[in-house]
Amino acid sequence: MKTLICNGLLLDPANRVNARLNLLIEDGKVAAVTPERPAADVVIDAAGKVVCPGFIDIHMHEDPVGEDGKIRLDDRTAIFNCMLRMGVTTAVGGNCGINVHHPADYLDIVDRDGAPVNVAMLAGHAFFRELAGCQDKYGPASAEQKAQMNKELQEALDRGCVGISYGIRYVPGLDAAEMVETAAACRKGHKMIAAHIRSDAEEVFDAARELLETGRALHLPVQVSHIGSMAGFGQMERFMEMIDTYKMNGLDVSCDCYPYYAFSTHLGATTYDEGWLERYHCDYDVVELCSGKYKGQRCTKEIFDEVRRDDPQCLTVCYVMKQEDVDLAFRHPNVMLASDGLLDEGQGHPRAAGAFARFLSRFAATGKLPLYDAVAKMTALPAEKLGLTQKGRLNVGSDADVVIFDPHRISDQATFAEPTLPPQGIDCVLIGGQVAAKDGIVLRKNIGKAVRK
């Protein structure tokens, strides 16, 4: 079957294209890009709309696997459905060192059952650390545990994981030797290491060097995760100067960021260990709880202590990031968009359902960034970083993952109270040439495939 998408503005930064061209799709691939109107079985009129490659979310947190061995894809709570509704066609899970299931087995499940979006996986260091028997996140791993980690991580990479992720903040016992030993598994396929670095605010510089020096020692690509929540407290300009210095001295390093001014993590996470109030120069009321009996409330010391003790997995939102720092990050050409989406039974930060639409409405539509540059940060940049040569682009022969959106109507609707609401203005999302979502409604949630490298 042939599908023609016509009359739209085609934006393809990977190919440096910004033109009114029509897209012909056949057998899941782009068959022609032309000003003509070739015959087709299905015609999608994109007049007044932007046609671009499907968005790639390089940093999100995947849906869990149920006891039946299937990915839990409840229409209301599944993050993959949220991804699809906001135009994401390829999502990278396993970030911050965390896997909800063995990452290579997760890819096998996607191969077997499909998913709402294409799924790539990072092998999470913390997951394999615990699998090796190292349960103390504050303590070192033994030689035997590191040997098992290295073996298991290598096998996961050999089975198609796109790299290794670290949540150094969440595993303070991880030292430089353990990081270099485990990251060395990526050398075989020249795969990337990505990390939620050890600390933030004024501690961000030494924390970033720990990751950057590992990448330099092993000659590996490096991805610094969600820099808005790491250097977004008055450090962003100096932080990006440091990244630029490493880049100009030969390190393949890039960063991602989400377009919000509040971060989210579990209340029991090490982020909230002793000293966090001083680090952020704040009081307890910057923390909002996303679940439980205090859902929607800001913390007092009493509420904070109670919930951290009794419900450490409670998701929080912390309102401490500086708008000017996040905006500065996105103006940098080496920073791409990522949602850092994380949902717990449909609760969490609205970035999981709104990040990509919000970026287009709050940055491109307002003139903070040219629309072309904004699309590049959602398509070409992450595809290049991941080495995905058939995605993030729409030249002939590439995968027909496509988003059609209205640049004048697009807006995020998800809120902290209702974090899974779909955006407006995402008219149509195609995966492999098939319409997967239309006007915020998921039509097919099993055509996504596992993405291996």
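(A) Molecular detail of the packing of aromatic side chains. Taken as a whole, this structure holds 14 aromatic pairs when the rule is applied. Geometrically, the ring pair formed by F127 and F128 is edge-to-face, given 5.1 Å between the ring centres and 85° between the ring planes. Judged by relative accessible area, which is 1%, F128 ranks as buried. Taken together, Y272, W276, Y284 and F304 form an aromatic cluster joined through their ring pairs. Directly above the ring of Y280 sits R279, whose terminal nitrogen or CZ lies 4.7 Å from the centroid. The aromatic ring of Y258 is capped on one face by R351, whose charged end is 4.5 Å from the ring centroid.

(B) Just unusual backbone geometry, in detail. Positive phi, close to 50°, is recorded for A201, a residue that is not glycine. Here the phi dihedral of E345 falls at roughly 55°; this positive angle occurs in a residue that is not glycine. Relative to the assigned elements, E345 resides in the loop between β20 (343-344) and β21 (347-348). For E345, a relative accessible area of 49% corresponds to the partly exposed category.

(C) Inspection of the sheet that holds strand β18 (residues 315-318) at higher detail. Spatial strand order, β16-β18-β17: three strands in an open sheet with antiparallel pairing. Two strands bound the open sheet, and with one partner strand each, they are β16 (263-266) and β17 (287-289). Direction aside, neighbouring strands of the sheet carry axes that sit 30° apart on average. Sheet topology places β16 next to β18; four bridges connect them, and they run antiparallel. Paired with S264 across the bridge in β18 is V317.

(D) Region of interest: the nonpolar core. Counting 128 residues, the largest nonpolar core has F55, L212, V224, I227, F239, W276 and F405 as its most contacted members. Among the elements that take part in this core, helix α12 (residues 351-364) stands out by supplying nine residues, more than any other. Setting aside its immediate chain neighbours within four residues, I227 contacts G232, M236, F239, M240, C255, D256, C257, A329 and V335.

Here is what the cut-offs are and how they apply
Residues numbered from 1 in each chain as written. Predicted model: local features only at pLDDT ≥ 70, side-chain atom pairs only at ≥ 80, totals over all residues. Heavy atoms only, no water. Phe/Tyr/Trp six-rings, centres within 6.5 Å; stacked < 30°, edge-to-face > 60°. Buried < 20%, exposed > 50% of the residue type's maximum accessible area, 1.4 Å probe, protein only. Lys NZ or Arg CZ within 6 Å of the ring centre and 35° of its normal. Helix = DSSP H or I, 4+ residues; strand = E, 2+ residues; numbered from the N terminus. Pairing = 2+ DSSP bridges. Axes fitted to C-alpha atoms, helices over the stretch in contact; angles between N-to-C directions. Core = buried A, V, L, I, M, F, W, Y, C linked by side-chain atoms within 4.5 Å. Contact = heavy atoms within 4.5 Å.

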